[in-house]
Amino acid sequence: MIPARFDYEVAESVEQAIDLLGSRDDAKLLAGGHSLIPLMRLRFARPATLVDIGRLSELSYVRERDGGLAIGALTRYHDLERDELLRAECGIVSYASGLVGDPQVRHRGTIGGSVAHGDPASDLPTVLLALDAELVVRGPGGERTVAAADFFRSFFETALGPQDVLTEIRVPKVEGGWAYEKFALRAQDWATVGVAAVGSNGTARVALTNMGTTPIRAQAVEEALASGADASAAAERAGEGTNPPSDTNGSADYRRHLATVLVRRALKEVARR
Ligand code: FAD
């Protein structure tokens with residue numbers, strides 16, 4: 001389908017984007033367009049104005065910052081997958097970026113767009129939750145930092161206000177092992193279920209894709225590991241506290257089963273790395 005009529009503005013700075021969002025009714029940011037445009041074509045979204053930030057090249061980078069890494073919100077999956085610094089110091093982000101969609105999606109889609117969109121089936125938000133990432137947001141009141149754990153509020157709902165621009169994602173360097181396990185029925189699909197795990201010495205932070213209305217931490221698994229359970233025993237608790245959807249890719253029960261299998265695999269991979 002063809003989107004409803006809209007106005008189009010190109011922002012030349014973050015500040016201009018914030019001003020444009022404030023001065024137009026029902027305006028939305030456009031980054032890579034690979035979530036927003038499909039929604040507009042289906043007429044699930046009908047913004048009156050698009051504010052294009054896709055050309056703000058100053059928001060595309062991976063760099064060292066305070067012992068961790070800072071990633072610009074407009075960095076595309078393709079660049080994240082290939083970035084040498086990221087691969088060496090926080091390989092889970094590079095690796096998961098390489099599993100998103102197809103090459104066309106990875107050449108256009110941005111990490112910031114994925115995070116801001118708030119789709120619980122997306123891969124990078126889960127990875128960022130497992131990493132305890134921090135998200136830097138600029139809005140009319142200045143800049144603030146939001147922990148990933150506080151950012152994802154509900155289905156397609158985040159801590160971003162209507163005039164906010166997500167500018168940077170801060171992740172730690174990963175000292176121990178990591179894994180991202182994604183199961184999809186067809187190659188290049190969204191995850192039916194995904195599991196991100198980061199850890200060392202038998203403990204791990206574990207997060208789940210598509211097991212609720214937001215990406216969620218597998219708290220029961222983490223607690224089991226902390227009290228000495230092995231990977232298989234801890235993985236048995238992967239479904240606790242989840243609320244997975246039932247759809248054409250699988251029932252909620254099937255997803256809970258998948259989560260157990262994928263958590264077990266992820267924990268074994270963490271230990272191996
Ligand atoms: P856009 O579509 O431009 O924007 C998405 C939303 O975020 C909009 O509401 C926009 O206003 C807002 N926004 C964008 N940037 C910012 C910002 N910096 N600050 C504040 N708000 C912002 N994703 C996966 O995770 N895994 C997959 O396997 C997968 N497969 C896909 C397959 C196909 C065929 C397609 C079309 C998409 C797929 N995606 C998948 C989604 C893809 O990752 C999107 O690119 C991503 O979710 C959104 O990034 P974007 O830059 O395209 O954002």
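Residues numbered from 1 in each chain as written. Predicted model: local features only at pLDDT ≥ 70, side-chain atom pairs only at ≥ 80, totals over all residues. Heavy atoms only, no water.

Visitor: Tell me about the packing of aromatic side chains, and please be specific about residues and values.
Guide: Counted by the stated rule, this structure contains 3 aromatic pairs. Between tyrosine 95 and tryptophan 178, the aromatic rings sit 5.7 Å apart at their centres with planes inclined by 50 degrees, giving tilted as the arrangement. Of this pair, tyrosine 95 sits in helix 5 (residues 91-97) while tryptophan 178 sits in strand 11 (residues 177-183), placing them 83 residues apart in sequence. On the basis of an interplanar angle of 75 degrees and a centroid distance of 4.7 Å, the ring pair of phenylalanine 155 and phenylalanine 156 is categorised as edge-to-face. Arginine 63 extends its terminal NZ or CZ atom over the ring of tyrosine 61, reaching a point 3.6 Å from the ring centre. Taking the ring centre of tryptophan 178 as reference, the NZ or CZ of arginine 273 above it sits at 3.6 Å. (Phe/Tyr/Trp six-rings, centres within 6.5 Å; stacked < 30°, edge-to-face > 60°. Helix = DSSP H or I, 4+ residues; strand = E, 2+ residues; numbered from the N terminus. Lys NZ or Arg CZ within 6 Å of the ring centre and 35° of its normal.)

Visitor: Lay out the nonpolar core with the relevant residues and their values.
Guide: Grouped together as the largest cluster of nonpolar side chains are 37 residues, with contacts concentrated most on Ile92, Val93, Leu131 and Ile169. There are two domains that each give this core at least three residues, and those are domain 2 (57-171) and domain 3 (177-272). Apart from the residues within four sequence positions on either side, isoleucine 169 is in contact with Leu69, Ala70, Ile71, Ala73, Ile111, Gly112, Leu128, Ala133, Glu134 and Leu135. Counting 24 residues, the second-largest nonpolar core is a separate cluster that includes Ala179, Leu208, Val221 and Val270. (Core = buried A, V, L, I, M, F, W, Y, C linked by side-chain atoms within 4.5 Å. Buried < 20%, exposed > 50% of the residue type's maximum accessible area, 1.4 Å probe, protein only. Domains from an automatic or database assignment. Contact = heavy atoms within 4.5 Å.)

Visitor: Help me get a handle on the pattern of salt bridges, residues and values and all.
Guide: Tallying each qualifying case throughout the model produces 20 salt bridges. Here lysine 173 makes a salt bridge to glutamate 64, at a shortest N to O gap of 2.7 Å. Separated by 109 residues along the polypeptide, lysine 173 in the loop between strand 10 (165-171) and strand 11 and glutamate 64 in strand 4 (residues 62-65) bring together distant segments of the chain. Residue lysine 173 is classed as partly exposed on the basis of its relative accessible area of 23%. Given the relative accessible area of 44%, glutamate 64 is considered partly exposed. (Salt bridge = Lys/Arg side-chain N within 4 Å of Asp/Glu carboxyl O.)

Visitor: A description of the sheet that holds strand 1 (residues 7-10) should follow, citing residues and the corresponding values.
Guide: An order of 1-3-2 is seen for the 3 strands of this open sheet, with the pairing classed as parallel. For this open sheet the edge positions go to strand 1 and strand 2 (27-30), each flanked by a neighbour on one side alone. Pairs of neighbouring strands in the sheet enclose a mean axial angle of 25 degrees, with direction left out of account. Where strand 2 and strand 3 (residues 49-52) come together, 4 bridges link them in parallel fashion. Paired with leucine 30 across the bridge in strand 3 is aspartate 52. On top of the sheet, helix 1 (residues 14-23) reaches strand 1, strand 2 and strand 3; it is set at about 150 degrees to strand 2, its chief contact. (Pairing = 2+ DSSP bridges. Axes fitted to C-alpha atoms, helices over the stretch in contact; angles between N-to-C directions.)

Visitor: Just give me the short version of the site of the ligand, but keep the residues and values in it.
Guide: Near the ligand there are 29 residues, and of these Leu29, Gly33, His34, Tyr77 and Thr110 occur at the shortest range. The backbone of leucine 29 places a nitrogen or oxygen atom 2.6 Å from an oxygen atom of the ligand. Relative to its unbound accessible surface of 970 Å², the ligand loses 91% to contact with the protein. For the shell around the ligand, the secondary-structure elements that each account for two or more residues are strand 2, helix 7 (111-117) and strand 10. With 4 residues, helix 7 is the largest single contributor of residues to the shell around the ligand. Across the shell around the ligand, the residue classes break down as 13 nonpolar, 11 polar and 5 charged. (Near = heavy atom within 4 Å. Polar contact = N/O pair within 3.5 Å; in protein donor to acceptor, adjacent residues only side chain to side chain. Areas by Shrake-Rupley, 256 points an atom, 1.4 Å probe, with all protein chains shown as cover. Nonpolar A, V, L, I, M, F, W, Y, C, P; charged D, E, K, R; others polar.)

Visitor: I'd love a proper account of the environment of threonine 158, names of residues and values included.
Guide: The residue threonine 158 is located in strand 9 (residues 157-158) in this model. Overall, the relative accessible area of 12% leaves threonine 158 in the buried class. Along the sequence, threonine 158 and leucine 30 sit 128 residues apart, while their C-alpha atoms lie 16 Å from each other. In contact with threonine 158, not counting residues within four places along its chain, are Val115, Ala116, Gly118, Phe151, Phe152 and Arg153. A distance of 3.1 Å separates a polar side-chain atom of threonine 158 from the backbone nitrogen of leucine 160.

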